[in-house]
Amino acid sequence: MKTVDARGLSCPEPVIRTKNALASGEKAYTVMVDNVTARENVSRFAMHQGYQVSWKEDGEDFILTLEK
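Notes on the structure follow. (Residues numbered from 1 in each chain as written. Predicted model: local features only at pLDDT ≥ 70, side-chain atom pairs only at ≥ 80, totals over all residues. Heavy atoms only, no water.)

### Focus on the nonpolar core
Ranked by size, the top nonpolar core spans 16 residues in total, and within it L22, Y29, V31, V33, Y51, L64 and L66 carry the most contacts. For this core, the elements supplying multiple residues, two or more each, are α1 (13–22), β2 (28–33), α2 (36–48) and β4 (61–67). Residue contributions to this core peak at four residues, all from α2. Setting aside its immediate chain neighbours within four residues, L64 contacts Y29, T30, V31, V33, R39, V42, S43, V53, S54 and W55. (Core = buried A, V, L, I, M, F, W, Y, C linked by side-chain atoms within 4.5 Å. Buried < 20%, exposed > 50% of the residue type's maximum accessible area, 1.4 Å probe, protein only. Helix = DSSP H or I, 4+ residues; strand = E, 2+ residues; numbered from the N terminus. Contact = heavy atoms within 4.5 Å.)

Put into C-alpha cells, the structure is as follows:
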C-alpha cells in the first residue's frame with residue numbers, strides 16, 4: 001500500500017499528490033492530511049476515481065484509506 005504524506009500542505013496540493021500516486025495503479029493507498037478541507041477534497045477526488053474511502057483521526061491528523 002502506497003502512502004502519501006500531505007500533512008502541512010494547503011489545497012490543492014494534497015489532491016495533486018494523491019492524483020500523482022493513483023497514477024501508479026495500485027489497489028490501495030494511505031493518505032495523511034492535517035485539515036478537514038484536505039480530507040474532504042481528497043476523499044471526493046478518490047471517490048470520483050472509483051475508490052472507496054475511509055478515514056480515522058490520529059491526533060490532529062486524518063489518515064485516509066483508499067481502496068478499489
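There is more to say, and it comes next.
### A short note on the environment of A38
Looking at the element boundaries, A38 is found in helix α2. We classify A38 as buried; its relative accessible area is 1%. Taking the C-alpha atoms as reference, A38 lies 9.1 Å from R7; in sequence the two are 31 residues apart. Setting aside anything within four residues of it in sequence, one finds A38 in contact with C11, P14 and V33.

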